[in-house]
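A closer look at the structure
Each chain, letter by letter, is given below.
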Amino acid sequence: MPPIVYIIFNRPRSTRQSFELIRQARPTVLYIAADAPRMDRPGEEMLTNEARQITEQIDWDCDVRRLYADHNMGCGRRISSAITSALEAFESVIVLEDDCIPDPSFFHFCDGLLLRYSDDERIMAISGDNFQKGIQRTDASYYFSKYPHCWGWATWRRAWQHFDLDIPQWPEFRDAGGLSAYTENDRELAFWTSTLDLVHQKRIDSWALPWTLCCWLQHGLTALPSVNLVSNIGFDIDGTHTHQSSPFASLPTSSIDRLTHPTAVYRHAIADRYTDDLVYSGPWQHSQKKRKRSRWLFRRGSLGRAAA
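Residues numbered from 1 in each chain as written. Predicted model: local features only at pLDDT ≥ 70, side-chain atom pairs only at ≥ 80, totals over all residues. Heavy atoms only, no water.

On to the pairing of strand β7 (residues 142-145), then. The two faces of β7 match: Tyr142 and Phe144 on one face and Tyr143 and Ser145 on the other face are all buried. By the bridge criterion, four bridges tie β7 to strand β9 (residues 221-225) in an arrangement that is antiparallel. Note on β9: the bridge partner recorded for Tyr142 is Pro225. (Buried < 20%, exposed > 50% of the residue type's maximum accessible area, 1.4 Å probe, protein only. Helix = DSSP H or I, 4+ residues; strand = E, 2+ residues; numbered from the N terminus. Pairing = 2+ DSSP bridges.)

The subject of this paragraph is the packing of helix α7 (residues 186-200) against helix α8 (residues 208-217). Packed helices, taken two at a time, are described by their axes: the angle between them and the distance between them. Put simply, α7 and α8 touch, their axes get as near as 10 Å, and they point 120° apart. The angle between α7 and α8 falls in the class oblique. In this structure, α7 crosses over α8, and the sense of that crossing is left-handed. Between α7, through Trp192, Thr195, Leu196 and Val199, and α8, the contact on the second element is made entirely by Leu209, Pro210, Thr212, Leu213 and Trp216. Considering only residue class, the contact of α7 with α8 consists of seven nonpolar, two polar and no charged. (Axes fitted to C-alpha atoms, helices over the stretch in contact; angles between N-to-C directions. Parallel < 35°, antiparallel > 145°, perpendicular 65-115°, else oblique. Left-handed = near helix turned anticlockwise from the far one by under 90°. Contact = heavy atoms within 4.5 Å. Nonpolar A, V, L, I, M, F, W, Y, C, P; charged D, E, K, R; others polar.)

This part takes up the nonpolar core. Judged by nonpolar contacts, the single largest core of 56 residues is most densely connected at Tyr6, Ile22, Leu30, Ile94, Phe106, Ile126 and Trp192. Tallying contributions element by element places helix α4 (residues 105-116) first for this core, with six residues. Core analysis: the next-biggest nonpolar cluster, separate from the first, contains 26 residues, Ile7, Ile79, Ala86 and Cys150 among them. (Core = buried A, V, L, I, M, F, W, Y, C linked by side-chain atoms within 4.5 Å.)

We now examine the pattern of salt bridges. Applying the stated criterion across every chain, the model contains 20 salt bridges. Residue Arg66 is joined to Glu56 by a salt bridge in which the shortest nitrogen-to-oxygen separation is 3.6 Å. Taken together, the residues span a long stretch of sequence, with Arg66 in strand β3 (residues 63-68) and Glu56 in the loop between α2 (44-54) and β3 at a distance of 10 residues. For the salt bridge of Glu91 with Arg157, the shortest nitrogen-to-oxygen distance reads 2.9 Å. Taken together, the positions of Glu91 in the loop between α3 (74-89) and β4 (92-97) and Arg157 in helix α5 (residues 157-160) put the pair 66 residues apart, joining distant regions of the chain. Among the residues examined, Glu91 registers a relative accessible area of 52% and is labelled exposed. Note on Arg157: relative accessible area 30%, which makes it partly exposed. One continuous salt-bridge network, built from bridges that share partners, spans Glu184, Arg267, Asp272 and Arg273. (Salt bridge = Lys/Arg side-chain N within 4 Å of Asp/Glu carboxyl O.)

The following block contains the structure:
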């Protein structure tokens, strides 16, 4: 199994649950990345310390590498810098945040596809997320999407090398009409233009939205499982970007015990269209009609903690 990059912060309850799944997976290399508490949040230092203490319970042979911030870096820099650090040392990683509870088969799923597509530059990431509400899109164990969902995911150094948190390419790409190749209608185009403008202006602190743009700039795809493998339990008052309830909160998970591979690599346009209607520009259009943006959409970003 490749190294796991485990992101924790100030939620010891969810950390306890997700860390137990990591303990069962028994990775040989484990990065634990934690941001520092915010000084204007009373009690947060105690919570961050408690979460860190939970990860001290290593009872298997493991090379543990702790990336603990001395000052609060924010979601974007803390998470992306941890992934960068791990991929400077290893060719691939699995990334899991403290409020993402994976089915045990998630780790084998990522491991198998990281090996299979290690040299296939069409594939930028592997995700454990399925938001198709039980609709079976394929007879295989996974399909390919333009959306790099990141509630439990994996990638390679060859893909992450293109990442830039500041998305300096965005204004030129936007003004040249580049986004039209990744959107199917004016509604979707308006959603992503507005969202990425906010990221570029630093009005959304996100690493996952820049990662989405990075994948699109590389014409990359993400492998998504045919069933949901990760449940996000972080939609509560403690969530950094997921304060409000969501139809995707605490989704049930299933297992993929044996990998069945697709016969060809192509984007599943129908599945992506469904995702857009349900997750991205569909809800956004509804909120625009009410003359306000949904905080859930714009503070959580690319369906992964603004998306973290």
